[in-house]
Amino acid sequence: MMCEFFRDHIEQSSISYTMFNTLFGDRDQFSRRGQCPEMLKKLISMAIASGESNILNCASIWIKNQGYDNVKCLDIGQLIINDYCLLMPGNSKSLEELVYVSQDFTKTFIILSTRLYTIIDGSSQFVPAGLLNVITDWLLDNPSMCSLTEQSRLVFEGQGLDSPFSGLAEWTVLQPLYHFSHAVTDTPGPHDCYSSNQPHVMYSKLHLSLLQSLLWMKNKENLPKHLLGNILPMYRLQGLVDKIMNAKDTDTEGIECSLNRLGQIVQVALSAGALLCQPSRSLLT
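In this report, the structure presented in the accompanying data block is examined. (Residues numbered from 1 in each chain as written. Predicted model: local features only at pLDDT ≥ 70, side-chain atom pairs only at ≥ 80, totals over all residues. Heavy atoms only, no water.)

**Quick word on the overall build of the protein chain**
Using the following cut-off: Secondary structure is summarised from DSSP: a helix means a run of H or I of at least four residues, a strand means a run of E of at least two, and numbering begins at the N terminus for each. Think of it in three bands: residues with accessible area under 20% of the maximum for their type are buried, residues over 50% are exposed, and the middle band is partly exposed, with areas taken using a 1.4 Å probe on protein chains only. Whether two residues touch is decided by their heavy atoms; if any such pair falls within 4.5 Å, the residues are in contact. Note on areas: Shrake-Rupley with a 1.4 Å probe; residue coverage comes only from the protein chains shown.
Broken down by element type, the protein chain carries 16 helices and 0 strands. Expressed as a percentage of the 285 residues in the protein chain, the buried residues total 49%. Put simply, 77% of the contacts in the protein chain that link residues at least 6 apart link residues at least 24 apart. Approximately 13,900 Å² of the protein chain is accessible, and the part contributed by carbon and sulfur atoms is 50%.

**Brief notes about the pattern of salt bridges**
What counts, and what does not: The salt bridge criterion pairs a side-chain nitrogen of Lys or Arg with a carboxyl oxygen of Asp or Glu, the two atoms within 4 Å.
Per the stated rule, a full pass over the model turns up 6 salt bridges. Salt-bridge contacts for Arg115 lead to Asp69; the nearest nitrogen and oxygen are separated by 2.9 Å. Of this pair, Arg115 sits in helix 9 (residues 103-116) while Asp69 is found in the loop between helix 5 (53-66) and helix 6 (71-86), placing the two residues 46 residues apart along the sequence. Assessed through its relative accessible area of 32%, Arg115 is described here as partly exposed. Assessed through its relative accessible area of 55%, Asp69 is described here as exposed. The salt bridge involving Glu97 is made with Lys93; its shortest N-O contact spans 4.0 Å. Since its relative accessible area comes to 52%, Lys93 is described here as exposed.

**Things to note about the packing of aromatic side chains**
Heads up, the condition is: Ring geometry is summarised as follows: Phe, Tyr and Trp rings, the Trp one being its six-membered ring, pair when their centres sit within 6.5 Å, and such pairs are stacked at plane angles under 30 degrees, edge-to-face over 60 and tilted between the two.
Scanning the model with the defined rule gives 1 aromatic pair in all. The interplanar angle of 75° and the centroid separation of 6.2 Å between the aromatic rings of Phe109 and Trp138 together place this pair among those described as edge-to-face. Of this pair, Phe109 sits in helix 9 while Trp138 is found in helix 10 (residues 129-141), placing the two residues 29 residues apart along the sequence. Here the two residues Phe109 and Trp138 agree in accessibility, since each one is buried.

In structure tokens, the structure reads:
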């Protein structure tokens with residue numbers, strides 16, 4: 001009923017979001033509740049299944065206003081992954097088509113995914129194979145997904161610009177440090193649904209999609225420099241270098257692969273103008 005209401009009775013985005021925010025609360029109310037409303041999680045999952053762009057666009061703005069690292073927003077991201085990548089892997093047609101329903105929500109979901117699956121040390125979770133595949137396909141078909149755009153006036157001031165590029169670059173650059181020499185079981189578990197020879201190939205494909213996204217930005221005319229230059233902030237680049245240098249119990253092949261991927265990203269990013277300043281010699285040596 002709620003899906004029908006947003007689809008049939010509200011057309012202007014500002015009115016839609018006002019209604020959405022009234023139903024599910026602003027940032028302060030949300031923090032006091034202690035948990036993400038079950039109705040909201042079910043509504044977003046249903047909107048993905050039925051292709052309700054109005055609801056998904058509102059949800060994207062709402063999540064940005066809460067903050068990507070808010071645990072309640074991460075709950076929404078995890079619910080989507082559970083429903084469409086883990087419970088029924090291989091049956092994610094609705095998720096695959098999400099980018100054509102709401103590119104804004106798709107980008108928001110990717111950012112949530114990179115917050116949920118971070119590669120910090122050897123104990124980090126594997127990114128589910130279904131999730132990795134669908135994100136890679138989105139980027140290969142839509143290289144603009146990693147670009148930055150001006151925020152909607154409905155997003156709170158100070159929330160900043162957002163792009164999934166840095167988080168995805170962390171996946172591809174750091175993956176060899178912890179996964180390169182590890183055998184993956186042929187019997188998929190809840191978080192590592194790979195066949196025995198798949199992970200490295202899949203991350204390599206994602207890495208290629210990121211390089212193609214940078215080349216798309218390079219060839220895109222009239223892309224504002226202040227947007228392009230925030231795709232890969234220097235502090236994120238330094239963080240990747242530090243993690244590679246501090247990696248423990250990693251074989252030489254894994255370190256070399258990580259450094260090669262990082263070097264390729266830096267080279268193409270510099271060519272595309274996606275780094276606001278030249279990396280220092282100490283950063284790259």
